[in-house]
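Read off the chains here:
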Amino acid sequence: IPLRGYITFKDVNFGYDEGKRVLKNINLYAKPGQKIAFVGSTGAGKTTVTNLINRFYEINDGTILFDGIDIRRINKHDLRSTMSIVLQDVHLFEGTIKDNIRYGRLDATDEEIIEAAKLANAHYFIKNLPNGYDTMLTADGMNLSQGERQLLSIARAAVADPTILILDEATSSVDTRTEKLIVEGMDKLMEGRTTFVIAHRLSTVRDSDAIMVLEHGEIIERGDHEELMNLKGRYYELNTG
Ligand code: DGT
Ligand code: MG
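Residues numbered from 1 in each chain as written. Chains lettered and ligands numbered in written order. Predicted model: local features only at pLDDT ≥ 70, side-chain atom pairs only at ≥ 80, totals over all residues. Heavy atoms only, no water.

> Is there a simple way to explain the site of ligand 1 in this structure?
Within the structure, ligand 1 sits among 13 residues, and Thr42, Gly43, Lys46, Thr47 and Thr48 are positioned closest to it. Between ligand 1 and the protein, one listed contact pairs an oxygen atom with a side-chain N or O atom of lysine 20 at 3.3 Å. Taking alanine 44, its main chain carries an N or O atom lying 3.2 Å from an oxygen atom of ligand 1. Starting from 640 Å² of accessible surface for ligand 1 in isolation, the protein chains cover 63%. Across the shell around ligand 1, the residue classes tally to four nonpolar, six polar and three charged. (Near = heavy atom within 4 Å. Polar contact = N/O pair within 3.5 Å; in protein donor to acceptor, adjacent residues only side chain to side chain. Areas by Shrake-Rupley, 256 points an atom, 1.4 Å probe, with all protein chains shown as cover. Nonpolar A, V, L, I, M, F, W, Y, C, P; charged D, E, K, R; others polar.)

> Would you mind going over the packing of aromatic side chains with me for this structure?
How two aromatic rings sit relative to each other is set out by the distance from centre to centre and by the angle between their planes. Considering all chains together, one arrives at five aromatic pairs under this definition. Measuring from ring centre to ring centre gives 4.8 Å for tyrosine 16 and tyrosine 57, while their planes differ by 90°; the resulting arrangement is edge-to-face. On the criterion of sequence distance, the pair formed by tyrosine 16 in the loop between strand 1 (7–14) and strand 2 (23–30) and tyrosine 57 in the loop between helix 1 (46–53) and strand 4 (61–66) is long-range, its members being 41 residues apart. An angle of 25° between the planes, with centres 6.4 Å apart, marks the rings of phenylalanine 93 and tyrosine 103 as stacked. On the criterion of sequence distance, the pair formed by phenylalanine 93 in the loop between strand 6 (83–86) and strand 7 (95–96) and tyrosine 103 in the loop between helix 3 (97–102) and helix 4 (110–119) is long-range, its members being 10 residues apart. Accessibility expressed as a relative area gives 27% for phenylalanine 93, which makes it partly exposed. An aromatic cluster is present here, built from Phe14, Tyr16 and Tyr57 joined pairwise through their rings. Against the face of tyrosine 103 rests arginine 156, its NZ or CZ located 3.7 Å from the ring centre. (Phe/Tyr/Trp six-rings, centres within 6.5 Å; stacked < 30°, edge-to-face > 60°. Helix = DSSP H or I, 4+ residues; strand = E, 2+ residues; numbered from the N terminus. Buried < 20%, exposed > 50% of the residue type's maximum accessible area, 1.4 Å probe, protein only. Lys NZ or Arg CZ within 6 Å of the ring centre and 35° of its normal.)

> Even after reading the chapter, I still don't get helix 7 (residues 176–190), so can you show me in this structure?
Because an α-helix packs 3.6 residues into every turn, residues spaced three or four apart end up facing the same way. End to end, helix 7 covers 21 Å across 15 residues, agreeing with the expected 21 Å (1.5 Å per residue, within 8%). If you follow the buried residues of helix 7, they end up packed against strand 3 (35–39), strand 6, helix 4, helix 6 (146–160), strand 9 (164–168) and strand 10 (194–198). The N-cap residue of helix 7 is aspartate 175: its side-chain oxygen and the backbone nitrogen of arginine 177 are 3.2 Å apart. Where helix 7 ends, the next residue or the one after it, glycine 192, has phi of about 80°, a positive value. (Expected span 1.5 Å × (residues − 1). Contact = heavy atoms within 4.5 Å.)

> Would you explain the sheet that holds strand 12 (residues 218–223) in this entry?
Here six strands make up an open sheet; going across it, the order is 6-9-10-3-11-12 and the pairing mixed. A single partner strand is all that each edge strand has here, and the edge strands are strand 6 and strand 12. If you compare each strand with its neighbour and ignore which way they point, the axes differ by 20° on average. Contacts between helix 6 and the sheet are confined to strand 6 and strand 9, with strand 6 contributing the most and set at about 170° to the helix. Across the face of the sheet, helix 7 comes into contact with strand 3, strand 6, strand 9 and strand 10 while running at roughly 155° to strand 9. (Pairing = 2+ DSSP bridges. Axes fitted to C-alpha atoms, helices over the stretch in contact; angles between N-to-C directions.)

> Would you take a moment to explain the sheet that holds strand 5 (residues 69–70) for this structure?
Remark on secondary structure: sheet strands pair via backbone hydrogen bonds, oriented parallel or antiparallel. Ordered in space as 2-1-4-5, the four strands form an open sheet in which the pairing is antiparallel. Unpaired on one side and paired on the other, strand 2 and strand 5 mark the two borders of the sheet. As paired elements, strand 4 and strand 5 share two bridges and run antiparallel to each other. Residue pairing across strands places leucine 65 opposite aspartate 70, the latter belonging to strand 5.

Written as structure tokens, this is what we have:
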């Protein structure tokens, strides 16, 4: 049965090392098509939340459910094949652009790859390269700009067609035009999927269904943009400070 994308955290506590809790009593619920954002200072535990969803680390206290099933009962490979992580440190390899977009979806046709690149707004820069989709990338795609690498990472996720999207936004800035392409591509990619956003740009967070403000591993505020602004607490400070 295909997984649909309901994620629940129930009283989740977690620490990488014995004794030091990095996440404290996390409770949350996400439905397919919803966008849940995590904001908070560095070290607050944002990336850790996503490390737990894809089982890079196992929790020993509390429960994480995927469509009502304890994720510890789902095969790790099956679990990860339903998820894509986009933008942050996209791993590109020496090979063509086409192969880099195809990545794990070895059965993807050229048409599917081009369609994914179009959705991701990556098609425009690719087709302007002398060798187009057959352009060879150096290891880690160093012959592309940061923005172009990010667009490729969106295209790769579009081909993978994941149930869960994890958007770990890069801190480094790209030019305004590329930024607009990235935001648009991401918006199309998110449609119908459960998306967890670790945002550095507060503009990315604004339209989320729920925003979780993490501080020292705890959710100290939650709500949508308007609710949190009215609260005049930490989120308000982040926006106005
Ligand atoms: P960021 O990315 O700088 O905005 O910070 P967050 O909010 O993503 O923080 P996160 O989840 O990476 O780290 C939370 C705490 O956990 C912080 O004290 C560092 C620690 N930590 C993160 N990753 C690891 C790890 O792989 N091993 C150990 N031992 N500690 C880790
Ligand atoms: Mg992080």
